[in-house]
Amino acid sequence: EAGVAQSPRYKIIEKRQSVAFWCNPISGHATLYWYQQILGQGPKLLIQFQNNGVVDDSQLPKDRFSAERLKGVDSTLKIQPAKLEDSAVYLCASSSRDGKLFFGSGTQLSVL
Amino acid sequence: DQQVKQNSPSLSVQEGRISILNCDYTNSMFDYFLWYKKYPAEGPTFLISISSIKDKNEDGRFTVFLNKSAKHLSLHIVPSQPGDSAVYFCAASDGGGGADGLTFGKGTHLIIQP
């Protein structure tokens, strides 16, 4: 069974630029999550989708972050414009029916 | 306000000995607790979980203990092996089980020495 796929693996941008991350969850997983992990911290939930609807985006900085999952499968997370403090690993995850969470390898973002 | 705390950023243990990783929480509504393991450049992977109706759950070399009155849980690894060297995250949920609404600790870097 293929795992959660994310791209790119690494991204370096300058502050005020925009960036987008892509995620393909495990086939059949209806729930998809985006987490932000800052160095030295645990993962923090940014947004949760159930199929193509948003379940929880309470911790998403909506002035600069946006996410979509238009067809209920793939998802993109965008930051526009990026700030220095957005440097982090962005993890996508999906969950199975029994509630287990499966993470992708993440996208490491460096904002200079 | 950190609701899940892992106060040891790192822990060094000799191969073959017991590793004990600790986690404290403040939210009394948490009813499901999980441990994830993370290798460098990979995403976290699920290790073991425990519901608040239990005080112990065992899976092979891994055992999680929950002390609700102290709001404390611990992960025991016996015997420790070199492949156990990783960052371990404690996570908690108030959703009755499952993957929703997880709050993670900062992690503990476990180093197994030969």
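Since the model is a prediction, treat every value here as computed from it, not as a measurement.

## What to know about the overall build of chain A
- Along its length, chain A carries 0 helices and 11 strands.
- When its helices and strands are written in sequence order, chain A yields β-β-β-β-β-β-β-β-β-β-β.
- Computed over its C-alpha atoms, the radius of gyration of chain A comes to 13 Å, within 12% of the 13 Å expected for a compact globule of 112 residues.
- The buried share among the 112 residues of chain A stands at 44%.
- Partitioning the intrachain contacts of chain A with sequence separation of at least 6 by distance along the chain shows that 51% fall at a separation of at least 24.
- Positive and negative charge centroids in chain A, built from 13 and 10 side chains respectively, lie 2 Å apart.

## Notes on the nonpolar core
- Formed by 23 residues in total, the largest nonpolar core has its most connected members in Phe33(B), Trp35(B), Leu73(B), Leu75(B) and Tyr88(B).
- Those elements that provide at least two residues to this core are strand 3 (19-25), strand 4 (32-38), strand 5 (45-51), strand 7 (62-67), strand 8 (72-77), strand 9 (86-93) and strand 11 (108-113) of chain B.
- Top contributing element to this core by residue count: strand 9 of chain B, with 4 residues.
- Sequence-distant contacts of Tyr88(B), that is, excluding residues within four places in its chain, are made with Gln6(B), Leu21(B), Trp35(B), Tyr36(B), Lys37(B), Leu47(B), Leu75(B), Ile77(B), Gly107(B), Thr108(B) and Leu110(B).
- Counting residues in hydrophobic clusters, the runner-up holds 21 residues, among them Ile26(A), Leu32(A), Leu109(A) and Val111(A).

## Regarding the state of the cysteines
All names here are of chain A.
- For the structure shown, the criterion picks out 2 disulfides over all chains.
- Across the disulfide, cysteine 23 is cross-linked to cysteine 92 (sulfur-sulfur distance 1.9 Å). In this structure the cystine formed by cysteine 23 and cysteine 92 twists about its S-S bond by roughly -70°; its chirality is therefore left-handed. Separated by 69 residues along the polypeptide, cysteine 23 in strand 3 (residues 19-24) and cysteine 92 in strand 9 (residues 88-95) bring together distant segments of the chain.

## Observations regarding the interface of chain B and chain A
- At the junction of the two partners, chain B supplies 16 residues and chain A supplies 18 residues.
- Of the roughly 1,300 Å² buried between chain B and chain A on both sides combined, carbon and sulfur atoms contribute 57%.
- Linking chain B with chain A are 0 salt bridges.
- Linking chain B with chain A are 5 residue pairs in polar contact (both at pLDDT 80 or more).
- Its residues assigned to classes, the side of chain B that touches chain A shows 8 nonpolar, 4 polar and 4 charged.

Rules behind the numbers
- Residues numbered from 1 in each chain as written.
- Chains lettered and ligands numbered in written order.
- Predicted model: local features only at pLDDT ≥ 70, side-chain atom pairs only at ≥ 80, totals over all residues.
- Heavy atoms only, no water.
- Helix = DSSP H or I, 4+ residues; strand = E, 2+ residues; numbered from the N terminus.
- Rg over C-alpha atoms; globule rule 2.2 N^0.38 Å.
- Buried < 20%, exposed > 50% of the residue type's maximum accessible area, 1.4 Å probe, protein only.
- Contact = heavy atoms within 4.5 Å.
- Lys, Arg positive; Asp, Glu negative; His and termini not counted.
- Charge placed at Lys NZ, Arg CZ, Asp CG, Glu CD.
- Core = buried A, V, L, I, M, F, W, Y, C linked by side-chain atoms within 4.5 Å.
- Disulfide = S-S within 2.5 Å.
- Buried area = accessible area lost by both parts, 1.4 Å probe.
- Salt bridge = Lys/Arg side-chain N within 4 Å of Asp/Glu carboxyl O.
- Polar contact = N/O pair within 3.5 Å; in protein donor to acceptor, adjacent residues only side chain to side chain.
- Nonpolar A, V, L, I, M, F, W, Y, C, P; charged D, E, K, R; others polar.

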